Amino acid sequence: MVVRKIATIGCFLFGVLMVAMTPHQVLGQTVTGEVIDAQSQETLPGVNIIVKGTSIGTSSDAEGGFSLKVPSLSDTLVFTFIGYQRLEVPLQGQSSLDVSLTPETIAGDEVVVIGYGAVQKSDLTGSVSSISAEEVTKVPTTNVAEALQGKVSGMDITRGSGEAGSGVNITVRGNRSLTASNSPLVIVDGIQYGGGLEDINPADIESIEVLKDASSTAIYGSRGANGVILISTKKAEAQGTQVSIESYAGISKTLDYPDFNTGPEYVTQKREANRVSGDWSGPEDDPNIFTSSELENIENNVWTNFRDLLFQTGIQQSHQINVSRGTENNSMYLSVNYFDEKGILEMDQLKRYTARLNVDQQVGEALTVGMNSQITYYDRDRRRDPTNIANKINPLTRAYDENGDLIVRPHSGRDISPLADTQPNAYENNTLTTKIFPTLYAELDFAENLSLRTNISATLSNSRQGIYRDSETIDRNGTAPEAVYNSSNSRNITFENILSYEGDWDQHSLALTGVTSYQFNKNDLGSALGQNQLLASQLYYGLLNATEGIAVESGYEESSLMSYAGRANYSFKDRYLLTLTGRFDGSSKLSEENRWAFFPSAAAAWRISEEDFIGDDSIVSNLKLRASYGVSGNDAISPYSTQSALRRIPFSYGEDSAPGFTFSPTLGNPNLEWEISKTANLGLDVGLLNDRVTATIDVYDTRTSNLLLDRFLPLSSGVSSVTQNVGKTRNRGIEFALETTNILKDDFSWTSNLTFFSNKEEIVELVSDGDDIGNGWFIGEPTSVFYDYEKTGIWQQDEADAAASFGQEPGEIKVRDQNGDGEITASDDRVILGSPRPKWSGGIENSINYKGFDLSVYVYARIGQMMDYEYYDNYKPGGVENGANVDYWTPDNPTNAFPRPNAALSQDNYQYYSTLSYESGSFVKIRNATLGYTLPPSLMESMPVRNIRLYVTGKNLYTFAKVDNYDPERGGALSFPMTRLFVTGINIDF
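Note that the structure is a prediction, hence the values are computed from the model and not measured.

**Some remarks on the overall build of the chain**
When helices and strands are tallied, the chain shows 12 helices and 49 strands. Rg of the C-alpha trace for the chain: 32 Å, near the compact-globule value of 30 Å for 990 residues, within the 12% margin. The buried share of the chain, taken over its 990 residues, is 49%. Taking the intrachain contacts of the chain between residues at least 6 apart in sequence as the baseline, contacts between residues at least 24 apart amount to 68%. Of the charged side chains in the chain, 78 are positive and 127 negative, and the gap between their average positions amounts to 2 Å.

Written as structure tokens, this is what we have:
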């Protein structure tokens, strides 16, 4: 009902807005003409044309032609097009015009957004990658970060799971910290955003820049230590009113999922396991290992694949309306979006409603004010993943009884059905979240070259989570029903002042930027829990009716950051470029003595292609050498890590209870200081054949010291851990990006984009001089590794004597004796087997346009990482539970893959069992493919629209990997498998 009311109000307001925007002038004369590029003489489609001082306008068609009714032939037409200079043409009685637009910049020299400003790409001294709006929307997803996967060299991005609305994991140039956050900073329209990337509607994004080296990120100081993602949202592109609709819908299915034992395969494995233990020698012994109901089901071939009953076809859809209007003095962009993702498991769904309003208003000659605002509302249903239960439950049962009702307790009540949570009023986990992100600004031009901008912004978030678990659910498994009610509120306020100066004289140019910034965060939360409530239908709304297990909790935290920054960009002859940046940061999270730190950086660039020895007729159109060095900090820890907190514990005097308090498990450290990263970067930008071929290569070396490390303490200390500044890490690597225009003709074009990224991550120093085996940290190795025995196979029958020397038998797991001393010991024979960090990653995209058709195919690769594959860990050699359908050893099947089943041993008692699950996580996948068709302009003449494009897109089409029926991007886990998505969509411009 509430959503319906909101939709009704929204439609009404939209109608009012459209009426208000409808032009009321009397149109008398028709002006026709053609728009071309002044340099190439090629026609320009999509040029915005408007009658000056009105909202009457049109756009040039695919051939550059236009036709516009105007009030009078004495009016002036304004022509605007991205990348070209604005042009005003007085009609002076003419009804036919041929217009030439002059490019604003040279080819490939687009404007790049940097911290607190923007520069021409040719003037860039740091390492920055740019992604256009077109690239952002190619991948249908709720999280814009997925669209960046493999397209930004230096970024490692993986999706968390196939769950609806699943988050992503992002690092820029490796992991620097061991326990502090390694996530990059997100800036939206110049302001730090306190939410996640999933809150931002991809269709609202104009461009994304990723700042990677210390010179680029230094202006953000401590906040930019892990890289910076700059997002610029859309504004009105030109004068006049434009309306567009973007809509798509499609289905998703399980991408791949490995096979578990069928009923007959489970019976075969259980018999073999009991043969080894001496409890089975033939079918006549089946009553010794199977129940009577299981024997009946075996005889009648009755068994259930619960996983097939769980998985369903998912649905994903997105619908958006954009309205933009621009005049000489103001512009407005309004968008409303509805996104719905229904997962492949029942009760897994995300609904997101977003609205954005961007307004800019010129007030007089010197003052501009504006607002960028966004509101996001989530309605999310989540569930406990049931695939673990479905994979291991004994399949020799029916899922439903003869009446079609679910058997909640199969196997005479021993087990819980994987489908139990789907029963009415059995389980619900619903979260409602509202996030508001308003930004107000005012910019005053004191003089021609001097301006002051003030920003004030807030990220306001309110969330409610309600959870109900009935007695007969997977979580409760027969215990008392439980209800939980969680609420949270967060406020992130930012206030900034930016003073900018730009000046040119002779062959010199100078740009100065000064920044003061204050940011504070406040978060509070509340939680209530109760068990054994009266009515299941009350879900989590009747906690007062709970009779036991009642608990109430609340919390609060606050932090602030004060900063002063300055930057100078100097250019001489447009060839020699220098950038100097410095920032003072003061963080309330750190100790008073160490709260403030200074983070400087310097960068220089030489535009070699502008030198006289590079002739005008050279194939080299751009050649620039860059070098930078800078320091950044990190304070991404809990706000009160410098303090030791108290917590309440049960206590009594004799028989009388009393309140008791003790220190929390984490000890405060009053001496905490900044984690420091120092980065050197060397880069080369190349453009050939008038930038039909462009390439960028960067090599870097980042050394991080004073790591903010959660160090575990011995139990004798009375606490479990303390955050300290100990340890060092190092990340060094190479990035490469190549863009080529392979074919460029009037009705056919073919372009290719390639990226490559390789990073070596290593720990340089820890608390002691040696390795920390308990935490899995090793000097000279990545921050996360797999440390275990090295499996070499399975002991075979002809190796019985050798196996006996290690206390083993044929059919058991064989591991390598690393030091050759004839013994297998934890101290001497465990080694580092691999790491979840890739050795390299990259992608290649080919885009082809033929007349009205467009086709793009993107392939992504992530190579060299290892994963802990949960499927192999689900081999159940004891035969008690069902398990993975693997190639296990028997005397008749002397494989080296998996050991012999044995009912006398539990999984935990299998020697070296953990070595089974390590597997290559490398993969290459067809990440995305899109085929589109834009209707020809001749059809548009009879329709009230400017452009219509239809398209079909496939996501995660196919994965090439060493393992079968599994997408290694999931990282080895079996819960919420990755999905394959197919959508059809339409874009309409009015």
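After that view, the rundown keeps rolling.
**Considerations on the nonpolar core**
Within the largest apolar cluster, 35 residues are counted, with the highest numbers of intra-cluster contacts made by Tyr869, Tyr871, Tyr875, Phe898 and Leu974. Only helix H7 (306–310), strand E41 (813–815) and helix H11 (870–873) provide two or more residues apiece to this core. Formed by 23 residues, the second largest nonpolar core is a distinct cluster that contains Val144, Met155, Val168 and Ile231.

**A short note on the environment of Thr233**
Relative to the helices and strands, Thr233 resides in strand E16 (residues 228–233). Classification of Thr233 by relative accessible area gives buried; the value is 5%. Along the primary structure Thr233 and Met943 are separated by 710 residues, whereas in three dimensions their C-alpha atoms are 29 Å apart. Dropping the residues within four chain positions of it, Thr233 is found in contact with Val188, Asp189, Asp204, Ile205, Glu206, Arg356 and Asn358. In this structure the side chain of Thr233 is engaged in a polar contact, spanning 3.5 Å, whose partner is the side chain of Arg356. Polar contacts involving the side chain of Thr233 include one to the side chain of Asn358, which spans 2.9 Å.

**Things to note about a negative patch on the surface**
The grouping of Glu34, Asp61, Glu63, Asp98 and Glu941 at the surface amounts to a negative patch. The topology assignment puts Glu63 in the loop between strand E3 (57–59) and strand E4 (65–70).

**Topic: the pattern of salt bridges**
Tallied over the full model, the rule gives 44 salt bridges. Residue Arg173 pairs with Glu735 through a salt bridge whose shortest N-O separation is 2.6 Å. With Arg173 in the loop between strand E12 (168–172) and strand E13 (185–188) and Glu735 in strand E37 (residues 728–744), this residue pair connects regions lying 562 residues apart in the sequence. Note on accessibility: Arg173 and Glu735 belong to one class, buried.

**Regarding the sheet that holds strand E7 (residues 96–101)**
Across the sheet, 3 strands lie side by side as E4-E1-E7; this open sheet has mixed pairing. The sheet terminates laterally at E4 and E7, the two strands that pair on one side only. If you compare each strand with its neighbour and ignore which way they point, the axes differ by 30° on average.

**A look at the side chain of Thr579**
Note on placement: Thr579 falls in strand E27 (residues 576–587). Side chain to side chain, Thr579 and Asn569 meet in a polar contact 2.9 Å long. Excluding its chain neighbours within four sequence positions, the residues that come into contact with Thr579 are Thr125, Arg567, Ala568, Asn569, Ser601, Ala602 and Ala603.

**Digging into the sheet that holds strand E2 (residues 48–51)**
Sheet architecture is open: 4 strands sit in the order E3-E2-E5-E6, paired in antiparallel fashion. Each edge of the open sheet is held by one strand with a lone partner, namely E3 and strand E6 (87–90). Neighbour to neighbour, the strand axes of the sheet diverge by 20° on average, direction disregarded. Two elements, E2 and strand E5 (residues 76–80), share 4 bridges in a ladder whose sense is antiparallel. Directly across from Ile50, in E5, lies its bridge partner Val78.

**Some words on the pairing of strand E21 (residues 367–381)**
The sheet contact formed by strand E20 (residues 349–363) and E21 spans 15 bridges and is antiparallel. Along E21, the bridge assignment pairs Gln361 with Val369. Between the end of E20 and the start of E21, which pair antiparallel, lie 3 residues, with Gly364 showing a positive phi angle near 70°. Note that E21 and strand E22 (residues 427–447) share 15 bridges and pair antiparallel. Within E22, the residue paired with Tyr377 across the bridge is Thr434.

**Observations concerning the environment of Glu675**
Mapped onto the secondary structure, Glu675 falls in strand E33 (residues 675–688). Looking at Glu675, the relative accessible area reads 2%, which means it is buried. For Glu675 and Asn274, which are 401 residues apart along the polypeptide, the C-alpha to C-alpha distance reads 57 Å. There is a polar contact of 2.4 Å between the side chain of Glu675 and the side chain of Ser177.

**Details of the side chain of Glu969**
Mapping Glu969 onto the fold places it in the loop between strand E48 (947–961) and strand E49 (979–989). Here Gln149 takes part through its side chain, which lies 2.8 Å from a polar atom of the side chain of Glu969. Not counting residues within four places of it along the chain, the set of residues in contact with Glu969 comprises Gln149, Thr158, Arg159, Phe923, Lys925 and Met978.

**Here we look at helix H4 (residues 263–277)**
Compared with the 21 Å implied by 1.5 Å per residue over 15 residues, the 21 Å span of H4 between its first and last C-alpha is a close match. All of the buried residues along H4 are Gly263, Tyr266, Val267, Gln269, Lys270, Glu272, Ala273 and Asn274.

**Quick notes on the domain arrangement of the chain**
Considered domain by domain, the chain is made up of domain 1 (26–101), domain 2 (111–236) and domain 3 (262–306 + 873–917). One C-alpha centre belongs to domain 1, the other to domain 3, and the line joining them spans 78 Å.

**Some remarks on the environment of Ser917**
The residue Ser917 is located in the loop between H11 and strand E46 (918–920) in this model. What makes Ser917 buried here is its relative accessible area of 5%. Residues Ser917 and Asp868, spaced 49 residues apart in sequence, show a C-alpha to C-alpha distance of 5.4 Å.

**Concerning the pairing of strand E44 (residues 853–863)**
As defined by bridge partners, strand E43 (residues 840–850) adjoins E44 across 11 bridges and the pair is classed as antiparallel. By the bridge assignment for E44, Ser841 is matched with Arg862. Between E43 and the antiparallel strand that follows it, E44, lie 2 residues; Lys851 among them carries a positive phi value of about 50°. One ladder, built from 10 bridges, connects E44 with strand E47 (residues 923–934); its direction is antiparallel. Each residue of the ladder has a partner; that of Val859, found in E47, is Ile926.

What counts and how
- Residues numbered from 1 in each chain as written.
- Predicted model: local features only at pLDDT ≥ 70, side-chain atom pairs only at ≥ 80, totals over all residues.
- Heavy atoms only, no water.
- Helix = DSSP H or I, 4+ residues; strand = E, 2+ residues; numbered from the N terminus.
- Rg over C-alpha atoms; globule rule 2.2 N^0.38 Å.
- Buried < 20%, exposed > 50% of the residue type's maximum accessible area, 1.4 Å probe, protein only.
- Contact = heavy atoms within 4.5 Å.
- Lys, Arg positive; Asp, Glu negative; His and termini not counted.
- Charge placed at Lys NZ, Arg CZ, Asp CG, Glu CD.
- Core = buried A, V, L, I, M, F, W, Y, C linked by side-chain atoms within 4.5 Å.
- Polar contact = N/O pair within 3.5 Å; in protein donor to acceptor, adjacent residues only side chain to side chain.
- Patch = residues over 30% accessible without salt bridge, like charges linked within 9 Å, V, L, I, M, F, W, Y side chains within 5 Å.
- Areas by Shrake-Rupley, 256 points an atom, 1.4 Å probe, with all protein chains shown as cover.
- Salt bridge = Lys/Arg side-chain N within 4 Å of Asp/Glu carboxyl O.
- Pairing = 2+ DSSP bridges.
- Axes fitted to C-alpha atoms, helices over the stretch in contact; angles between N-to-C directions.
- Expected span 1.5 Å × (residues − 1).
- Domains from an automatic or database assignment.

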